[in-house]
Amino acid sequence: MQNINTQSTTNAFQWVTLYKAENTLEANIVKGLILSAGIECQVQGEMLQGALGEIPFEQTQVSVQVYAIKERHAREILVNYQQVKQSAPDWVCPNCNEHNGSTFDFCWSCETLRNDKSE
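Rules behind the numbers
- Residues numbered from 1 in each chain as written.
- Predicted model: local features only at pLDDT ≥ 70, side-chain atom pairs only at ≥ 80, totals over all residues.
- Heavy atoms only, no water.
- Pairing = 2+ DSSP bridges.
- Helix = DSSP H or I, 4+ residues; strand = E, 2+ residues; numbered from the N terminus.
- Axes fitted to C-alpha atoms, helices over the stretch in contact; angles between N-to-C directions.
- Contact = heavy atoms within 4.5 Å.
- Buried < 20%, exposed > 50% of the residue type's maximum accessible area, 1.4 Å probe, protein only.
- Salt bridge = Lys/Arg side-chain N within 4 Å of Asp/Glu carboxyl O.
- Expected span 1.5 Å × (residues − 1).
- Arc of directions from axis to C-beta.
- Core = buried A, V, L, I, M, F, W, Y, C linked by side-chain atoms within 4.5 Å.
- Polar contact = N/O pair within 3.5 Å; in protein donor to acceptor, adjacent residues only side chain to side chain.

Engineer: How should I be thinking about the sheet that holds strand 2 (residues 41–44) in this particular structure?
Structural biologist: Hydrogen bonds between backbone groups are what pair the strands of a sheet, and the pairing can be parallel or antiparallel. The antiparallel open sheet is built from three strands, whose spatial order is 1-3-2. Of all the strands in the sheet, just strand 1 (15–21) and strand 2 have a single pairing partner and so form its edges. In this sheet, neighbouring strand axes are inclined to one another by 30° on average, regardless of whether the strands run parallel or antiparallel. Relative to strand 1, helix 3 (residues 71–87) is tilted by about 5°, and along the sheet it contacts strand 1 and strand 3 (62–67).

Here is the structure:
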């Protein structure tokens, strides 16, 4: 009879916090990047943002979680995201003049595609 270590298997499929986001929008950007790499993830605390002020700030923290077994690969994606976020400037939409973060390829307001002249 083969002895299987069920504890390590169970731990591999526990959710671990990968990233604590500034807000729900950023958490969903990170979630999208991770999902596009084929890694299952979830946003924790997203619904608590509306209760800010009624419950302590620390309890409204929005975070992105992945299974422990996929944490290493997800962290590589996260490092790339953070490098792009720090190095790329925010941009203004040439169509509606809306301010967009550096990680957006499309204007969040009018969905105009970002171009090099809009920075």
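Engineer: Sorry if this is basic, but what is going on with the environment of His73 here?
Structural biologist: On the secondary structure map, His73 appears in helix 3. On the basis of relative accessible area, His73 is assigned to the partly exposed category, the value being 36%. A C-alpha to C-alpha distance of 9.1 Å links His73 and Ile34, two positions 39 residues apart in sequence. Among all residues touching His73, those that are not within four sequence positions of it are Ala37 and Ile39.

Engineer: Teacher, can you tell me more about the pattern of salt bridges here?
Structural biologist: On inspection of all chains with the given rule, the structure shows one salt bridge. Linking Arg75 and Glu71 is a salt bridge whose minimum nitrogen-to-oxygen distance equals 2.9 Å. Residue Arg75 and its partner Glu71 are both found in helix 3; the two are separated by four residues, about one turn of the helix.

Engineer: Explanation requested: helix 3 in the structure shown.
Structural biologist: Since there are 3.6 residues in each turn of an α-helix, residues three or four apart along the chain are aligned in direction. Across its 17 residues, helix 3 extends 24 Å between first and last C-alpha, which sits within 8% of the 24 Å expected from 1.5 Å per residue. All of the buried residues along helix 3 are Ala74, Ile77, Leu78 and Tyr81. When helix 3 is viewed along its axis, its buried side chains cluster within an angular range of 100° and face the same direction. The exposed residues of helix 3 that point more than 90 degrees off its buried face are Arg72, Glu76, Gln86 and Ser87. Residues of helix 3 that are buried in the fold lie against strand 1, helix 2 (24–36) and strand 3.

Engineer: What should I look at first to understand the nonpolar core in this one?
Structural biologist: Taken as a class, soluble globular proteins show a tendency for nonpolar side chains to be buried jointly. The biggest cluster of nonpolar side chains holds 16 residues, and the ones touching the most others in it are Leu18, Tyr19, Val30, Ile34, Val64 and Val66. Contributions of two or more residues to this core are made by strand 1, helix 2, strand 2, strand 3 and helix 3. Considering every element that reaches this core, the biggest residue donor is helix 3, with four residues. Once residues lying within four places of it in the same chain are set aside, the contact partners of Ile34 are Leu18, Ile39, Cys41, Val64, Val66, Ala74 and Ile77.

Engineer: Can you walk me through the side chain of Gln65 in this structure?
Structural biologist: Checked against the element boundaries, Gln65 lands in strand 3. Within the local environment of Gln65, its side chain forms a polar contact with the side chain of Thr17, the two groups lying 3.4 Å apart. Polar contacts involving the side chain of Gln65 include one to the side chain of Gln42, which spans 2.7 Å. If near-sequence neighbours (up to four positions away) are discounted, Gln65 is found in contact with Trp15, Val16, Thr17, Leu18, Glu40, Cys41, Gln42 and Gln44.

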